[in-house]
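Residue strings, one per chain:
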Amino acid sequence: AQRVTQPEKLLSVFKGAPVELKCNYSYSGSPELFWYVQYSRQRLQLLLRHISRESIKGFTADLNKGETSFHLKKPFAQEEDSAMYYCALRGTGRRALTFGSGTRLQVQP
Amino acid sequence: ETGVTQSPTHLIKTRGQQVTLRCSSQSGHNTVSWYQQALGQGPQFIFQYYREEENGRGNFPPRFSGLQFPNYSSELNVNALELDDSALYLCASSLDPQETQYFGPGTRLLVL
């Protein structure tokens, strides 16, 4: 079975501080990992996927197969980063995304 | 390019009733996936439709059923509604089953 765990329901930081949103997964094969973000009153949208190895809005995430983690990081948080963040996994050859329960990021001025 | 749209935005039903939710996929997308998001939880996969055929199903009972039409829009039907069916129902479309899923705004269903 595949599972995604986001241990923090809420993460509160000050503007300019570094941010790390944790995501751990369990899956026996080679998964695809994603981070989705939902800003207030907006729909869920893709932030980044591990196979792209890109940085979006200053966020990066590295897949660590040894630790089965895909933590989301940003060196300097901005107030506009305040949102709900979901980590998601898709197994090899599968259709469905398996989501974690989400972490709410609050960036205070 | 038009994004994924869903209707209605909100719905109130009573236990035992039936409901139909609708989703229009993004232009050029032939795959639609449905998710249920309970309060405080991440979305849970219900099923996926690809070129009008069911293409995978999550752990939901048969009273959750769906359709995909030739224009790739889709419906989610839930029969014999239960209180626990109260949730946000999300539809996502993609170019094909393995491509990035783009989500609609959701339909919030309340079962009384």
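Here, every reference points to the structure presented above.
Calculation rules
Residues numbered from 1 in each chain as written. Chains lettered and ligands numbered in written order. Predicted model: local features only at pLDDT ≥ 70, side-chain atom pairs only at ≥ 80, totals over all residues. Heavy atoms only, no water. Helix = DSSP H or I, 4+ residues; strand = E, 2+ residues; numbered from the N terminus. Buried < 20%, exposed > 50% of the residue type's maximum accessible area, 1.4 Å probe, protein only. Contact = heavy atoms within 4.5 Å. Areas by Shrake-Rupley, 256 points an atom, 1.4 Å probe, with all protein chains shown as cover. Pairing = 2+ DSSP bridges. Polar contact = N/O pair within 3.5 Å; in protein donor to acceptor, adjacent residues only side chain to side chain. Buried area = accessible area lost by both parts, 1.4 Å probe. Salt bridge = Lys/Arg side-chain N within 4 Å of Asp/Glu carboxyl O. Core = buried A, V, L, I, M, F, W, Y, C linked by side-chain atoms within 4.5 Å.

1. Some remarks on the overall build of chain A
Logical step 1: If you tally the helices and strands in chain A, you get zero helices and 11 strands.
Logical step 2: Taken from N to C terminus, the helices and strands of chain A fall in the order β-β-β-β-β-β-β-β-β-β-β.
Logical step 3: Considered along the principal axes of its C-alpha atoms, chain A spans approximately 45 × 30 × 25 Å.
Logical step 4: When each of the 109 residues of chain A is scored for burial, the buried share is 45%.
Logical step 5: For chain A, the proportion of contacts with a sequence separation of at least 24, taken over those separated by at least 6, is 58%.
Logical step 6: Entry remark: accessible area of chain A is about 5,700 Å², with carbon and sulfur atoms responsible for 48%.

2. Brief notes about the sheet that holds strand 8 (residues 72–74) of chain A
All names here are of chain A.
Logical step 1: With respect to topology, three strands assemble into an open sheet ordered 3-8-7, the strand pairing being antiparallel. Each end of this open sheet is capped by a strand with a single partner; those strands are strand 3 (19–21) and strand 7 (60–61).
Logical step 2: In the sheet, strand 7 pairs with strand 8 via two bridges, with the strands oriented antiparallel. Note on strand 8: the bridge partner recorded for Thr-60 is Lys-73.

3. Considering the side chain of Asn-30 of chain B
Residues and elements named next belong to chain B.
Logical step 1: Here Asn-30 is to be found in the loop between strand 3 (19–24) and strand 4 (31–37).
Logical step 2: In this structure the side chain of Asn-30 is engaged in a polar contact, spanning 3.3 Å, whose partner is the backbone oxygen of Leu-95.
Logical step 3: The contact partners of Asn-30, leaving out residues within four places of it in the chain, are Tyr-49, Tyr-50, Arg-51, Gln-68, Tyr-72, Ser-94, Leu-95 and Asp-96.

4. Side note on the interface of chain B and chain A
Logical step 1: Counting residues at the interface gives 20 residues for chain B and 17 residues for chain A.
Logical step 2: Between chain B and chain A, roughly 1,500 Å² of surface is buried when both sides are summed, and carbon and sulfur atoms account for 46% of that area.
Logical step 3: Three residues, Gln-98, Thr-100 and Phe-103 of chain B, lead the burial of chain B against chain A; their summed loss comes to 35% of the area buried on that side.
Logical step 4: On inspection of chain B and its partner chain A, the count reaches zero salt bridges.
Logical step 5: Linking chain B with chain A are nine residue pairs in polar contact (both at pLDDT 80 or more).
Logical step 6: Listing elements by their share of the side of chain B that touches chain A, those giving two or more residues are strand 4 and strand 5 (44–50) of chain B.

5. Overview of the nonpolar core
In a soluble, globular protein the nonpolar side chains are often hidden away together inside.
Logical step 1: Core analysis: the largest hydrophobic core is formed by 25 residues, its most contacted members being Trp-35, Leu-47, Leu-48, Phe-70, Leu-72 and Tyr-85 of chain A.
Logical step 2: At the level of secondary structure, the elements contributing two or more residues to this core comprise strand 2 (10–14), strand 3, strand 5 (32–38), strand 6 (45–49), strand 9 (83–90) and strand 11 (103–108) of chain A.
Logical step 3: Counting residues per element, this core draws most heavily on strand 9 of chain A, which supplies four residues.
Logical step 4: The contacts of Leu-48 of chain A, once residues within four sequence positions are left out, are Leu-33, Phe-34, Trp-35, Glu-54, Ile-56, Phe-59, Thr-60, Ala-61, Phe-70 and Leu-72 of chain A.
Logical step 5: Ranked by size, the runner-up nonpolar core spans 19 residues in total, among them Cys-23, Phe-47, Cys-91 and Val-111 of chain B.

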